[in-house]
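Examining the three-dimensional arrangement
What follows is the residue order along each chain.
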Amino acid sequence: MNWFAAIYFSCFMYYMITAIVTLTPPKKNGANWVFGMICLNLALWSMLLFMMILADSPELAAFYRRVMSICWSTLFTLTLYLVLFLSERRAFYDQLWKNLLLITPGVFCFFYYFLTPIGVDLMIPLDPGWAFAVPADRGFFWDSYFTLYYVSYTLMALAVTAYWNRTTLYTRERRQSTIIFLSFLSTLIFGGIADTLLPILGITTLPPLTVLLCLVCIIGLNFAITRYRMMSITPESIMMEVFMMMSDGLIITDGQGLIVTMNAGAEMILGYPAAQLRDHPIDELFAENAGFDCHAGAELKSNDMELIGKDQRLVPVLISCHTHYDQFANRIGTVFTFQDINELKRAEAALAQVNGELEEKVLKRTAELAQMNQLLKNKIAENVKNEEKIRKMVYEDALTKLSNRRFFYEYLEQHVTYALRYNKGFAVLFIDLDGFKLINDSLGHDRGDALLIRVAQILKKALRESDVLSRAGGDEFLILLHNTYLNDEVIQACEKILQRLELPIAMDSYNLHISASIGIACFPQHGYSSEALIKNADIAMYEAKEQGKGRFVFYDDSLKEDIDENMTLSNDLYAAIENNEFELFYQPQVDATSHQINGFEALIRWHHPERGLLAPAKFIALAEQTGLIIPIGEWVIRTAMAQQKKWEARMEKPLRMGVNLSTKQLKKNDFVDYVKRTLGEFDINPDYFELEITESIFMEDTTLMLDQLSQIKSMGMTIAIDDFGTEYSSLSYLKKLPLDRIKIPKTFIDGIGNNEKDEAIIVSTIVLAIKLGCSTIAEGVENEKQLQFLKQHGCQEIQGYYFYQPMRAAKIEHELLNAYKKTTGLICLPAHQVIATSRYYQ
């Protein structure tokens, strides 16, 4: 008799029966499934070993051995999953990628050993049957991967079990985990000895023993199941135990209405022990007047009825019942739940008596109070009207009927507290109408007030009902946008406001066009107090006006830094004039064809005592705001003319010099007289002195400007328009200007070779200049491609780094005037030479 075959077959029967018992319950949790799969795995393994031992040939035995790889490849992954399910470590398998990581080693093990099986020559016959020798020349990975896999997974299962044992709060689970830990540990030790250590020592006379040693683990788990109900404690069983122990009554009947069981609460309420009523019809417990037929399948939902208790006493109860049916509509049984309301009935009777007595007293007192209440209501209504009048006077804007600045400040302060507590976001908008003063002055204050009322109505319609709109005073409005967490939401609201305000407003016989500048401060990014938010929104609003009006700007810390810096620079500007801290740089203007220098543009620089050399972009705007542009502009004209006169004396021929003008200078009535006096003082030929204006002139009082420019033109001076096409170009105004030259700005020059639209604008500008009888000069030319494009399309002069950077007067005299030749004028030096040497003077 082959004892090993009998043992393997016995193991197969035990594992298979255990698997069937585990997987038979209709409701299974994860642990049931995994434990059942482990038993099926071991059952298959045992059967394959049984068939391998009894095989007729080594080929068939090797085939069974090869199929076994699916068993020992997946066993230890299933074992780890079982421990994870039992210890409820869901974090290890709650996502797909984690499950893939857990099963990959086992899947790889199966495919690797299945695709690289041992040969028939390694199957050896023993007395019990076929066994297999351990190959010694298959490589370290083939020899060691399975050992590494099953040891590591078993150790992980042991670690999880040990952690479960240490952290659980329940004695039952500690004992379960202890049994599982010892079972796994014993299997690891004995399996390692039998299947790893003994073959390494050369002992191969025994058939595989792992499937036998796993009996220790499975028997341990079975003990845990039967002794501590390891996998039988389900939510349904716990719920049933709770129902059986609760104080309310619970009775369950079968399909014929016979009592199957009842809980302790039902025994206490009715006075019957459960055994006495078992198999009795439930109808016996209902009083005759109850009107309930159990066989009709009626449902009860907290019905007030009477049941018959022990000694035929009537027990008032609130009872509910529900009948259950199978898939064939056959009644399975009914569940009754009820509550003793004896005490409740007695309390209701006592309460009814007390209520009757109180009702009489209440009716009498109610009549007295009704009279007093009417008097109080009249007084309260009068007070409310008075308070509303006072509130309107304090918090309402008299003109627009909107809330006023005071209301907005108080509301905003309260809303900041609310937003901090509940982590809300909101935005404050500071709106100022552009050009309102001009409308107010030209059309009168009555129409100005009417326009403000219309603007208030437009703003109100553009906002949500939850938003707060207030008039801050004059033509300024404040808005609070509730629950704005993203800049996109604020941007959408601001765009809507600006679009509504862009529409013409009909007033009497006028169609008024108005725009607004909006500053935005968001909570909490831009401040934690009402004062800070409104102040920062105000700063952002002024930045919107600086950028050209009719737009919105978000507050940024750099804006406040700019204001602080501007205040400091403004103060320093006053001292700069007295301390002679300004200097003029000169940039040559070159003939596009001959590369001959035709003239210079004077460019101001400021030698700040702390900040070093500052470009005009840093301080000219401040000078215009403070009015210092007037003395600075006069200094520039005098200094440029003095330098021009010096160079003309050295060259013994006239030299063109250009300076930039501010619109504020042109607004001065005596500006033309000043220029005329300065020309006479330095004996400058007006034909060689050029004044450059910008398109911002179109936004000012053009009548005065045109008159001033016409006088300048009549004196013989040249007038050029700078940065043409970048600001407020208006052809209707352009044709009125007495222009001699149009300067093409660097923003378009940079697009040559890169942007066809920029090139089209340049060509159109040159053509326009020709038609207007003007010459053209291109600014910011930096490479040969740009130069050739401009020459090809008829641009006469070039100004830019390709030829020369702005240079100090000393540099001009040293590098350029020395190259003067009487016959050809100023000669252009090589561009790279001039640029390299001029950096020293910047």
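Attention here is on the structure that accompanies the text. (Residues numbered from 1 in each chain as written. Predicted model: local features only at pLDDT ≥ 70, side-chain atom pairs only at ≥ 80, totals over all residues. Heavy atoms only, no water.)

Comments concerning the overall build of the chain
Operational definition: Counting from the N terminus, the helices are the DSSP runs of H or I reaching at least four residues and the strands are the DSSP runs of E reaching at least two. Burial here depends on accessible area, computed with a 1.4 Å probe over protein chains only, as a share of the maximum for the residue type. Under 20% is buried, over 50% is exposed, and the range in between is partly exposed. Only the protein chains shown count as covering a residue, and every accessible area follows the Shrake-Rupley method with a 1.4 Å probe.
A tally of regular secondary structure across the chain gives 29 helices and 24 strands. With 842 residues in all, the chain has 45% of them scored as buried. Approximately 44300 Å² of the chain is accessible, and the part contributed by carbon and sulfur atoms is 57%.

Details of the pattern of salt bridges
Operational definition: A side-chain nitrogen of Lys or Arg and a carboxyl oxygen of Asp or Glu constitute a salt bridge if their distance falls within 4 Å.
What the rule picks out here adds up to 24 salt bridges. Notably, a salt bridge pairs Arg-405 with Glu-476, separated by 3.8 Å at the nearest N-O pair. Linking Arg-405 in helix α13 (residues 405-422) with Glu-476 in strand β11 (residues 476-482), this pair joins segments that are 71 residues apart in sequence. Judged by its relative accessible area of 18%, Glu-476 is buried. A salt bridge links Lys-668 to Asp-670, with the nearest nitrogen and oxygen atoms 3.6 Å apart.

Let's talk about the sheet that holds strand β15 (residues 552-554)
The criterion, for reference: A strand pair is defined by DSSP finding two or more bridges across the two strands.
With respect to topology, six strands assemble into an open sheet ordered β8-β10-β11-β9-β14-β15, the strand pairing being mixed. Both edges of this open sheet fall to β8 (403-404) and β15, since each of them pairs with a single strand only. Examined bridge by bridge, strand β9 (residues 426-434) and β11 share seven bridges and lie antiparallel to one another. Along β11, the bridge assignment pairs Phe-430 with Leu-478.

Let's talk about a positive patch on the surface
Going by this rule: Each patch is built from residues lacking any salt bridge and having more than 30% relative accessible area; the joining distance is 9 Å for like charges and 5 Å for nonpolar side chains (Val, Leu, Ile, Met, Phe, Trp, Tyr). Asp and Glu are treated as the negative residues and Lys and Arg as the positive ones, with His and the ends of the chain left uncounted. Working definition for charges: the position is that of NZ of Lys, CZ of Arg, CG of Asp or CD of Glu.
On the surface, Arg-454, Lys-461, Lys-496 and Arg-500 cluster together to form a positively charged patch. Tracing the backbone shows Arg-500 in helix α16 (residues 487-502). The class of Arg-500 is partly exposed, set by a relative accessible area of 31%.

A few points about the packing of aromatic side chains
Heads up, the condition is: Only rings of Phe, Tyr and Trp enter the pairing, Trp through its six-membered ring, and a pair is recorded when the two centres are within 6.5 Å. The plane angle decides the type: under 30 degrees is stacked, over 60 is edge-to-face, the rest tilted. Two conditions define a charge sitting above a ring: the NZ of Lys or the CZ of Arg must be within 6 Å of the ring centre, and it must be within 35 degrees of the ring normal.
Taken as a whole, this structure holds 27 aromatic pairs when the rule is applied. Taken together, a centroid distance of 5.9 Å and an interplanar angle of 40 degrees make the contact between Phe-9 and Phe-12 tilted. Linking Phe-9 with Phe-12, this pair stays in helix α1 (residues 3-23), spanning three residues, or about one helical turn. With relative accessibility at 15%, the residue Phe-12 sits in the buried group. With a centroid separation of 5.3 Å and an interplanar angle of 35 degrees, the aromatic rings of Phe-110 and Phe-114 are classed as tilted. Taken as a pair, Phe-110 and Phe-114 lie in helix α5 (residues 96-115) at a separation of four residues, close to a single helical turn. We classify Phe-114 as partly exposed; its relative accessible area is 27%. Taken together, Phe-76, Tyr-149, Tyr-150 and Tyr-153 form an aromatic cluster joined through their ring pairs. One residue, Arg-66, lies across the ring of Phe-114, its end atom 4.4 Å from the ring centre.

Notes on helix α26 (residues 756-772)
To be explicit about the condition: The length a helix should cover is 1.5 Å for every residue beyond the first. As used here, the arc belongs to the directions running from the helix axis to the C-beta atoms. Contacts are assigned to residue pairs with any non-hydrogen atoms lying within 4.5 Å of each other. Whenever two N or O atoms come within 3.5 Å, that pair is a polar contact, provided that in protein one can donate a hydrogen and the other can accept it, and provided that, for residues adjacent in sequence, both atoms are side-chain atoms.
End to end, α26 covers 24 Å across 17 residues, agreeing with the expected 24 Å (1.5 Å per residue, within 8%). Turning to α26, its buried residues number three or more, namely Asp-758, Glu-759, Ile-762, Thr-765, Ile-766 and Ala-769. With its buried residues spanning 125 degrees around the axis, α26 presents them on a single face. The exposed residues of α26 that point more than 90 degrees off its buried face are Glu-756, Lys-757 and Lys-771. For α26, the secondary structure elements touched by its buried residues are β22 (741-744), α25 (746-749), β23 (775-779) and α27 (784-792). Capping the start of α26 is the job of one residue whose side-chain oxygen sits 2.8 Å from the backbone nitrogen of Lys-757: Asn-755.

Description of a nonpolar patch on the surface
A contiguous nonpolar patch, built from Leu-96, Leu-100, Ile-103, Val-107, Phe-111 and Leu-115 and spanning about 580 Å² of accessible area, is present on the exposed surface. Relative to the elements of secondary structure, Val-107 occurs in helix α5.

Here's the deal with empty space enclosed by the protein
As a reminder, the rule being used: Here a cavity means grid points, on a 1 Å grid over the protein atoms only, where a 1.4 Å probe fits yet cannot get out; a pocket means an open set of points with protein on both sides within 12 Å along at least five of seven lines; lining residues are those with an atom within 4 Å of a point. Grid points are joined across faces, edges and corners, and a volume is the space filled by probe spheres set on the points. Under the scheme applied here, ten amino acids are nonpolar (Ala, Val, Leu, Ile, Met, Phe, Trp, Tyr, Cys and Pro), four are charged (Asp, Glu, Lys and Arg), and all others, including Gly, are polar.
Per the counting criterion, the structure on display carries three cavities of 30 Å³ or more. Of the pockets and cavities examined, the largest cavity occupies roughly 70 Å³. Lining the largest cavity we find ten residues, and of these Arg-65, Trp-72, Tyr-113, Pro-117 and Ile-118 sit closest to its centre. In terms of residue count, the dominant contributor to the lining of the largest cavity is helix α3 (residues 58-67) (three residues). Its residues assigned to classes, the lining of the largest cavity shows six nonpolar, two polar and two charged.

Side note on the pairing of strand β6 (residues 314-325)
In this structure, strand β5 (residues 300-308) lies alongside β6, joined through seven bridges in antiparallel fashion. Bridge pairing links Asp-304 to Leu-318 in β6.

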